[in-house]
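Each chain, letter by letter, is given below.
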Amino acid sequence: MFRAILYTQWKWSRLVILLATLAGFGLPLLSVQGARGPVGYWETRQLLGAVQGWGVLYPVLATAVALIVAMVAWAPDHRGRHVYALSLPLPRWHYALLRFAAGATLLAAPVVAVWLGGILATSMAAIPTGLHAYPTMLAVRFGLAVLVVYAIFFAISAGTVRTAGYFLGALFLVVAFEAIANAAGAEIHLFEKMMLLLIVWPGPFDVLTGRWMLIDV
Amino acid sequence: MSSAIEIRDLHYRAGKTFEIRDLALNVPTGSMYGFLGPNGSGKTTTIRLLLGLLRPLHGTITVLGGSIPREGPRVLARTGYVPEQPHLYPSLTVDEAFRFHSAFYPTWDWKWADELLMQFQLDRGRLLSRLSKGEMGKLEMLLALAQRPELLVLDEPTDGLDPVVRRDVLTAVLEYVSQQNATVFISSHLVHELERICDWVGVMDRGRLVAELPMHSFKNGIKRLRVVNAPALSGDTPFVVLSRETNDGSAETWVVRGWQPTMSQWFSGVGATLKEVIDLDLEEGFVELLRTFRVPQA
């Protein structure tokens, strides 16, 4: 059963997975392209700046690929109003688990690509004394980010349109309430607090923030 | 007589306007049960309830001895289902749809699936999104049959198909039933189609089961009678009067249910004369049944 589910999901999301795998492999190589020759103080600073600059793209890539794979996992079932999935002879939780596992398995490809790209990039680069390469830690972090984003959006996209409507409606009410309250002179920052809850530890999206460094001190 | 499907006291509501009330239904094992009803009468909803795709407000559903929805997966493994609308993933090819579907059914018969593929003249490499309506209908039926089910639940399987495809599909079902002694629950609003193949019939209208009886009783039991000097009805008739219309003078036309030839004596007993007994076909009987059911109760 898992193979069958995995195959369908591969067919639906293979383009995204392939592009993300290429990008994941290329990102580490691009981030160290300046570290080729002899390195002094300024070259070291330039290298760290380049690595940090390219590093912004890791969470972007992780979010994009995980989001698309999560949505694609449910899209055909949504189109068919889940009639096929529900008429298959297995409990709903089992079906959802298989779909989740299939997506997570496919997402391993870009994570491995980041790891291999990182190892290759750091083995070819001239790393200045005092700096260290972290290809494995970067790949682990990338993998964790992918998994967190995938899990959250998989759960959201598993819901019905009505559930999504409730979610968006609640969000709209918060923003509208804040706008009205602030217009009336009250200092209320509900939306900002909600965002902080999500992106600051222990918020789930904390994994996406901070510096993503292939090479660091 | 054991039942493949048994529904008791079922209640379901969708929105504010549609509900299924006090539904009781019994499908004998090995029968071909035609589930008739006009569009919007609740046939598809009932089918989704009995497969566990929807949850009732209350009532019990037993399919192949298993309680629905508690034992849904076990029951679904032994049930072939063809829904009203195509439900397969359109981005798969026919062959991929085979492989996907077969992975979930331990009783899947590859040999027979290949035979049906040849018989239905379907191209293995064709994308499902490129199949015509008829080809999709045949593929849906093929997948349901190749899993060798004990129960086939077919929701308007031939709706919108041309006569040739319709014949192919129904022939495949009949062949399967003759080999396997499976139970078939087939919903349709095409009355003539069910008349030829079903041995039981249930009629649904506005969320309620109007009638459930063997096909021969349904066909033979509903008659149009020409009556002269018809008496006022006091409710003690040996048959059920579905409708009664005055023609001219003292002549009336009655449509009755539960008719048997010996009942003609009843008319002489009440001073009336039975001039003619006219057979109705299933469609006429069906229409009369619904017409009576829809007359507001006083």
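### Some remarks on the overall build of chain A
Thinking step 1. Of the regular secondary structure elements, chain A holds eight helices and two strands.
Thinking step 2. Reading the secondary structure of chain A in the N-to-C direction produces α-α-α-α-α-β-α-α-α-β.
Thinking step 3. Judged by the C-alpha coordinates and their principal axes, chain A covers about 65 × 60 × 25 Å.
Thinking step 4. Looking at chain A as a whole, 32% of its 217 residues are labelled buried.
Thinking step 5. Put simply, 82% of the contacts in chain A that link residues at least 6 apart link residues at least 24 apart.

### As for the domain arrangement of chain B
Thinking step 1. Under the domain assignment used here, chain B contains domain 1 (3-217) and domain 2 (223-279).
Thinking step 2. On a C-alpha basis, the centres of domain 1 of chain B and domain 2 of chain B stand 39 Å from each other.

### Remarks on the interface of chain A and chain B
It is common to give the size of an interface as the accessible area that goes away when the parts come together.
Thinking step 1. Facing the 16 residues of chain A at the interface are 17 residues of chain B.
Thinking step 2. For the side of chain A that touches chain B, the elements supplying multiple residues, two or more each, are helix 1 (2-31) and helix 4 (83-87) of chain A.
Thinking step 3. Looking at the side of chain A that touches chain B element by element, the count peaks at five residues for helix 1 of chain A.
Thinking step 4. Of the residues belonging to the side of chain A that touches chain B, the class tally is 11 nonpolar, three polar and two charged.

### Quick notes on the confidence of the model for chain B
Low-pLDDT portions of the prediction should not be read for the details of their coordinates.
Thinking step 1. Model confidence for chain B is summarised by a mean pLDDT of 86, while 97% of its residues fall at 70 or above.
Thinking step 2. Interface confidence for the predicted complex, given as ipTM, is 0.81, next to a pTM of 0.83.

### What about the nonpolar core?
Thinking step 1. The biggest cluster of nonpolar side chains holds 83 residues, and the ones touching the most others in it are Leu50(B), Val184(B) and Phe185(B).
Thinking step 2. Looking at this core, the element that brings in the most residues is helix 5 (residues 133-146) of chain B, giving eight residues.
Thinking step 3. When we break this core down by domain, the ones giving at least three residues each are domain 1 (3-217) and domain 2 (223-279) of chain B.
Thinking step 4. Apart from residues lying up to four places away in sequence, Leu50(B) is in contact with Ile5(B), Ile7(B), Ile61(B), Val63(B) and Ile68(B).
Thinking step 5. Counting residues in each nonpolar core, the second largest holds 47 residues, with Ile5(A), Val72(A), Ala104(A) and Phe154(A) among its members.

### Focus on unusual backbone geometry
All names here are of chain A.
Thinking step 1. Look at the link from Trp201 to Pro202: it is a cis peptide, with omega at 10°.
Thinking step 2. Locating Pro202 in the fold gives a position in the loop between helix 8 (190-199) and strand 2 (215-216).
Thinking step 3. Even without being glycine, His82 reaches a positive phi, approximately 65°.
Thinking step 4. Position of His82 among the secondary structure elements: in the loop between helix 3 (57-79) and helix 4.

### Observations concerning the pairing of strand 2 (residues 18-28) of chain B
Residue and element names in this part refer to chain B.
Thinking step 1. Of the strand pairs in this sheet, strand 1 (residues 3-14) and strand 2 are connected by eight bridges, and their pairing is antiparallel. Its bridge partner being in strand 2, Tyr12 is matched across the sheet by Ile20.
Thinking step 2. Two successive antiparallel strands, strand 1 and strand 2, enclose a turn made up of three residues, where Gly15 displays a positive phi of approximately 70°.

### Quick look at the packing of helix 1 of chain A against helix 3 of chain A
All names here are of chain A.
Thinking step 1. Their axes nearest at 9 Å, the elements helix 1 and helix 3 cross at an angle of 175°. On the basis of the axis angle, helix 1 is roughly antiparallel to helix 3. Residue-level inspection shows Gln9, Trp12, Ser13, Val16, Ala20, Ala23, Gly24 and Leu27 of helix 1 in contact with helix 3, the latter providing Leu57, Tyr58, Leu61, Val65, Ile68, Val69, Val72, Ala73 and Pro76.
Thinking step 2. Its residues assigned to classes, the contact of helix 1 with helix 3 comprises 14 nonpolar, three polar and no charged.

### Some words on the sheet that holds strand 13 (residues 251-257) of chain B
All names here are of chain B.
Thinking step 1. If you walk across this open sheet you meet the four strands as 12-13-11-14, and the pairing is antiparallel. Single-partner strands in this sheet number two, and they are strand 12 (240-246) and strand 14 (273-279). The sheet shows a mean angle of 25° between the axes of neighbouring strands, taken without regard to direction.

### Structural notes on the packing of helix 3 of chain A against helix 6 (residues 135-158) of chain A
Helices that pack against each other are described as a pair by the angle of their axes relative to one another and the distance between those axes.
All names here are of chain A.
Thinking step 1. Axis separation between helix 3 and helix 6 bottoms out at 8 Å; the angle between their running directions is 35°. Here helix 3 and helix 6 pass one another in a crossing that is right-handed. Between helix 3 and helix 6, the residues in contact are Tyr58, Pro59, Ala62, Thr63, Val65, Ala66, Leu67, Val69, Ala70, Met71, Ala73 and Trp74 and Phe142, Ala145, Val146, Val149, Tyr150, Phe153, Phe154, Ser157 and Ala158, respectively.
Thinking step 2. Of the residues assigned to the contact of helix 3 with helix 6, the class counts are 19 nonpolar, two polar and no charged.

### Description of the pairing of strand 1 of chain B
Thinking step 1. Examined bridge by bridge, strand 1 of chain B and strand 4 (residues 58-63) of chain B share five bridges and lie antiparallel to one another. When the bridges of strand 4 of chain B are listed, Ile5(B) appears paired with Val63(B).

### Digging into helix 6 (residues 163-180) of chain B
Residues and elements named next belong to chain B.
Thinking step 1. Look at helix 6: 26 Å from first C-alpha to last across 18 residues, which is about the 26 Å you get at 1.5 Å a residue.
Thinking step 2. Within the span of helix 6, buried status applies to Val165, Asp168, Val169, Val173 and Tyr176. Seen along its axis, helix 6 keeps its buried residues to an arc of 130°; they face one direction. Among the exposed residues of helix 6, those oriented more than 90 degrees off its buried face are Pro163, Val164, Arg167, Thr171 and Ser178.
Thinking step 3. Considering only its buried residues, helix 6 is in contact with helix 4 (110-120), helix 5, strand 7 (151-155) and strand 8 (183-188).
Thinking step 4. Directly beyond the C-terminal end of helix 6, a positive phi value near 55° is found at Asn181.

### Points about the sheet that holds strand 4 of chain B
Residue and element names in this part refer to chain B.
Thinking step 1. Taken in spatial order, the four strands of this open sheet run 2-1-4-5, and their pairing is antiparallel. Taken across any chain shown, the strands that pair with only one partner, and hence form the sheet edges, are strand 2 and strand 5 (66-68). Each neighbouring strand pair of the sheet contributes to a mean axis angle of 25°, computed without reference to strand direction.
Thinking step 2. Set on the sheet, helix 1 (residues 43-50) makes contact with strand 1, strand 2, strand 4 and strand 5; between it and strand 1 the angle comes to about 115°.

### Section: the environment of Ala101(A)
Thinking step 1. Structurally, the position occupied by Ala101(A) is in helix 5 (residues 92-124).
Thinking step 2. The exposure class assigned to Ala101(A) is partly exposed, which follows from the 14 C-beta atoms found within 10 Å.

Quick notes on the rules
- Residues numbered from 1 in each chain as written.
- Chains lettered and ligands numbered in written order.
- Predicted model: local features only at pLDDT ≥ 70, side-chain atom pairs only at ≥ 80, totals over all residues.
- Helix = DSSP H or I, 4+ residues; strand = E, 2+ residues; numbered from the N terminus.
- Buried ≥ 20, exposed ≤ 12 C-beta atoms within 10 Å, placed from the backbone.
- Contact = placed C-beta atoms within 7 Å.
- Domains from an automatic or database assignment.
- Nonpolar A, V, L, I, M, F, W, Y, C, P; charged D, E, K, R; others polar.
- pLDDT = per-residue confidence, 0-100.
- Core = buried A, V, L, I, M, F, W, Y, C linked by C-beta atoms within 7 Å.
- Pairing = 2+ DSSP bridges.
- Axes fitted to C-alpha atoms, helices over the stretch in contact; angles between N-to-C directions.
- Parallel < 35°, antiparallel > 145°, perpendicular 65-115°, else oblique.
- Left-handed = near helix turned anticlockwise from the far one by under 90°.
- Expected span 1.5 Å × (residues − 1).
- Arc of directions from axis to C-beta.

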